[in-house]
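# Architecture and fold: a report
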Amino acid sequence: MAATDLERFSNAEAEPRSLSLGGHVGFDSLPDQLVSKSVTQGFSFNILCVGETGIGKSTLMNTLFNTNFETEEASHHEACVRLRPQTYDLQESNVQLKLTIVDAVGFGDQINKDESYRPIVDYIDAQFENYLQEELKIRRSLFDYHDTRIHVCLYFITPTGHSLKSLDLVTMKKLDSKVNIIPIIAKADTISKSELHKFKIKIMGELVSNGVQIYQFPTDDEAVAEINAVMNAHLPFAVVGSTEEVKVGNKLVRARQYPWGVVQVENENHCDFVKLREMLIRVNMEDLREQTHSRHYELYRRCKLEEMGFQDSDGDSQPFSLQETYEAKRKEFLSELQRKEEEMRQMFVNKVKETELELKEKERELHEKFEHLKRVHQEEKRKVEEKRHELEEETNAFNRRKAAVEALQSQALHATSQQPLRKDKDKKKASGWSSIYSVTIP
Ligand code: GTP
Ligand code: MG
């Protein structure tokens, strides 16, 4: 649509006029239609439980929904925090509720807790991303889409009576722009009344001084403004969980029994369980769902779309065009792709050159080594030749000496056989040997 057309249409928009009706028309049934439609459709509600292993998360969930979700106990030896979602179909009167409870398994069990918040943040973002992808589809079916976005995070604080741990502060700070946080002091029966009072004040002070935004029960709806304002002052709720039933008077109540007495879960003098149930389920469940959509998801969606290059027009300039944004983003993407391709090509060429140089260097080294070995070999060969020559000469000399000795021996023998007398023989022999020994051997 051309800009001029748009201008014409927006100018055509006139101030609405108030008119009175002559009689009953029927659109006052719209709220009833809305309720009826919502009831038919059913509701989904997703709770994230963050707290140390064994802090009482599952017990509190069982107590809140008055059922047994049969969750397994977590081990204390998880290498990192793991998110475990479990979905249940619940029904009360004619209202269907698809409830998902997500447990942050292994939270607080690692020696290095620096990154403990990350899997939780990633999980929340992943649910937002799934919803955004569904919204961006051409054929979207948000009507029957199972919305897994986290509506509330119950943050379980250990009842130390001292102050918040840095892990609690860091985690809540990382989550506060993504989810509605309701902090609760778990196992509140393990802390005395006066200590609990001080502990609550300390926690709220620390949250404020560290800029952690927790969920505030809304006070803009007159019907609930008063109770919500009162309840905001009671945060963080100190709760006790139990599914065990104990007889108090003539009534069976959910409680924890100790040798010195009974802690009743639903007794407001004992703990804030009733306040939590009232605020979470009976009064503000819809507001938590709404806030998730209009505040947290909206923020995620805005950042994501801005990242993708979309932006709204400021009042005076041309209206935002999806097609132009898409074209601009496409061009940007293509040029980025080209730049990366060129970079990679250059990298490849450089790598090939480097490898070629390395290979040449190696070849030269090998050649030098070969030449050296060749010289050494020739030298050895020459020495062996010399040795052989010497040995041959020695052998020849030896053979000559041997031949001379043999010749002399045979001469001597011959001379001896000519002597008639032994005496003379001996004399002659003696002189003969002396003559032999006087022969100079060449
Ligand atoms: P993992 O899922 O294993 O991390 O544990 P969890 O946080 O779900 O704790 P779970 O509800 O299994 O409770 C652990 C233990 O704490 C059990 O023995 C419970 O009976 C006990 N417990 C739960 N709630 C309370 C409470 O309010 N007060 C006290 N004193 N003990 C509680
Ligand atoms: Mg559990």
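Throughout this document, residue positions are counted from 1 along each chain, in the order its sequence is written. Both sets of labels track the order of writing: A upward for chains, 1 upward for ligands. Note on the predicted model: pLDDT of at least 70 is required for a residue's local features to be given, and 80 or more for side-chain atom pairs to be given and counted; whole-chain, interface and lining totals, by contrast, use all residues. To obtain the side-chain values, all non-hydrogen atoms of the structure were included, while hydrogens and water were left out.

### Let's talk about the sheet that holds strand β2 (residues 82-92)
Hydrogen bonding along the main chain pairs the strands of a sheet, whether they run parallel or antiparallel. To keep things clear, this is the line we draw: When DSSP finds two or more bridges between a pair of strands, those strands are recorded as paired. A run of H or I in DSSP counts as a helix once it spans at least four residues, and a run of E counts as a strand once it spans at least two, with each numbered from the N terminus. Between two residues, a contact is recorded if the distance between any of their heavy atoms is within 4.5 Å. Only the stretch in contact is used when fitting a helix axis, every axis being a line fitted to C-alpha atoms; angles between N-to-C directions are given from 0 to 180 degrees.
In space, the six strands of this open sheet follow the order β2-β3-β1-β4-β5-β6, with mixed pairing throughout. The open sheet is flanked by β2 and β6 (237-238), the only strands paired with a single partner. One ladder, built from two bridges, connects strand β5 (residues 181-185) with β6; its direction is parallel. For I185, the partnering residue across the bridge sits in β6 and is A238. Across the sheet, helix α5 (residues 166-175) is in contact with β4 (152-157) and β5; its angle to β4 comes to roughly 170°.

### Let's talk about empty space enclosed by the protein
Threshold: Buried and open spaces are told apart on a 1 Å grid over the protein atoms alone, a cavity being a set of points where a 1.4 Å probe fits but cannot get out and a pocket being an open set with protein on both sides within 12 Å along at least five of seven lines. Residues with an atom within 4 Å of a point are the lining residues. Grid points are joined across faces, edges and corners, and a volume is the space filled by probe spheres set on the points. Polar here means any residue outside two lists: the nonpolar Ala, Val, Leu, Ile, Met, Phe, Trp, Tyr, Cys and Pro, and the charged Asp, Glu, Lys and Arg; Gly therefore counts as polar.
This structure, assessed with the given rule, holds three cavities of 30 Å³ or more. Considering only enclosed or pocket space, the largest cavity measures out at about 60 Å³ in volume. Along the walls of the largest cavity sit S58, M61, N62, F69, T71, R84, Q86, I101 and D103, which together make up its complete lining. A per-element tally of the lining of the largest cavity places helix α3 (residues 57-65) first, with three residues. Classifying every residue of the lining of the largest cavity by side-chain character gives three nonpolar, four polar and two charged.

### Some remarks on the side chain of R149
The cut-off we apply is this: Exposure categories follow from relative accessible area, calculated using a 1.4 Å probe and restricted to protein chains: below 20% of the type maximum is buried, above 50% is exposed, and the middle band is partly exposed. Pairing of N or O atoms within 3.5 Å defines a polar contact, subject to two protein rules: one partner must be a possible hydrogen donor and the other a possible acceptor, and residues neighboring in sequence count only if both atoms are side-chain atoms.
Position of R149 among the secondary structure elements: in the loop between α4 (118-136) and β4. In this structure R149 comes out as buried when scored by relative accessible area, which is 4%. Polar contacts involving the side chain of R149 include one to the side chain of D147, which spans 2.7 Å. Engagement of the side chain of R149 in a polar contact is seen with the side chain of H293, the distance being 2.9 Å. Contacts of R149, omitting those with residues within four sequence positions, involve N46, Q127, F128, Y131, T292, H293 and Y297.

### Points about the site of ligand 1
Worth spelling out the cut-off: Any residue with a heavy atom positioned within 4 Å of a molecule or strand is treated as near that molecule or strand. Each accessible area is a Shrake-Rupley result for a 1.4 Å probe, and residues are judged covered by the shown protein chains and nothing else.
The environment of ligand 1 is formed by 16 residues, the closest being K57, S58, T59, A74 and D189. Relative to its unbound accessible surface of 640 Å², ligand 1 loses 78% to contact with the protein. Elements that contribute at least two residues to the shell around ligand 1 include exactly α3 and β8 (251-258). For the shell around ligand 1, the element with the most residues is α3, which contributes three residues. Of the residues assigned to the shell around ligand 1, the class counts are four nonpolar, seven polar and five charged.

### With respect to the packing of helix α7 (residues 222-232) against helix α8 (residues 273-283)
Test applied: What sets the label is the angle itself: under 35 degrees gives roughly parallel, over 145 gives roughly antiparallel, 65 to 115 gives roughly perpendicular, and the rest give oblique. By definition, any crossing whose near helix is turned counterclockwise from its far helix by less than a right angle is left-handed, and any crossing with a clockwise turn is right-handed.
At a minimum axis separation of 11 Å, α7 and α8 run at an interaxial angle of 140°. In terms of orientation, α7 and α8 fall into the oblique class. The chirality of how α7 crosses α8 is left-handed. On α8, the residues touching V224, I227, N228 and M231 of α7 are K275, M279 and V283. Residues that form the contact of α7 with α8 fall into these classes: five nonpolar, one polar and one charged.

### As for the state of the cysteines
In protein structure, a disulfide is the covalent linkage between the sulfur atoms of two cysteines. Put simply, the test is: In what follows, a disulfide is any cysteine sulfur pair within 2.5 Å.
Considering all chains together, one arrives at zero disulfides under this definition. Distance from the sulfur of C49, which forms no disulfide, to the nearest cysteine sulfur (C153) is 8.0 Å. A residue is classified by how much of its surface remains accessible, and C49, at 1% relative accessible area, is buried.

### With respect to helix α9 (residues 285-307)
Inclusion rule: To estimate the expected span of a helix, subtract one from its residue number and multiply by 1.5 Å.
End to end, α9 covers 32 Å across 23 residues, agreeing with the expected 33 Å (1.5 Å per residue, within 8%). Buried residues of α9: M285, D287, L288, T292, H296, Y297, Y300 and L305, and no others. Just past α9, the residue G309 takes up positive phi, approximately 100°.

### Things to note about the packing of aromatic side chains
Test applied: Only centres within 6.5 Å qualify two rings of Phe, Tyr or Trp (six-membered ring in Trp) as a pair; their planes then separate them into stacked at under 30 degrees, edge-to-face at over 60, and tilted for everything else. Any Lys NZ or Arg CZ that is within 6 Å of a ring centre and within 35 degrees of that ring's normal is treated as a charge sitting over the ring.
Under the counting rule described, the total for this entry stands at 10 aromatic pairs. Here the aromatic rings of F65 and F69 are separated by 6.0 Å at their centres, their planes lie at 70°, and the arrangement is edge-to-face. A relative accessible area of 7% means that F69 is categorised as buried. Residues F128 and Y300 carry aromatic rings whose centres are separated by 5.4 Å and whose planes lie at 40° to one another, so their mutual orientation is tilted. With F128 in helix α4 and Y300 in helix α9, the pair connects residues that are 172 residues apart, well separated along the chain. Linked through ring pairs, F128, Y131, Y145, Y297 and Y300 together constitute an aromatic cluster. The ring centre of Y131 lies 3.5 Å from the NZ or CZ of R149, which sits over that ring. Between the NZ or CZ atom of R149 and the centre of the ring of Y297, over which it lies, the distance is 4.9 Å.

### What about the pairing of strand β1 (residues 43-50)?
Among the eight residues of β1, seven are classified as buried, and the element is accordingly described as predominantly covered. As judged from the four bridges shared by β1 and β4, these two strands associate in the parallel manner. Following the sheet pairing, L48 is matched in β4 by C153.

### Section: the confidence of the model for the protein
Cut-off, in case you're wondering: Per residue, pLDDT captures the predictor's confidence, and it can take any value from 0 to 100.
The share of residues in the protein with pLDDT of 70 or more is 89%, and the mean pLDDT across the chain is 88. Predicted confidence for residues 436-442 stays below pLDDT 50, and this span has five contacts to residues more than four positions away or in other chains.

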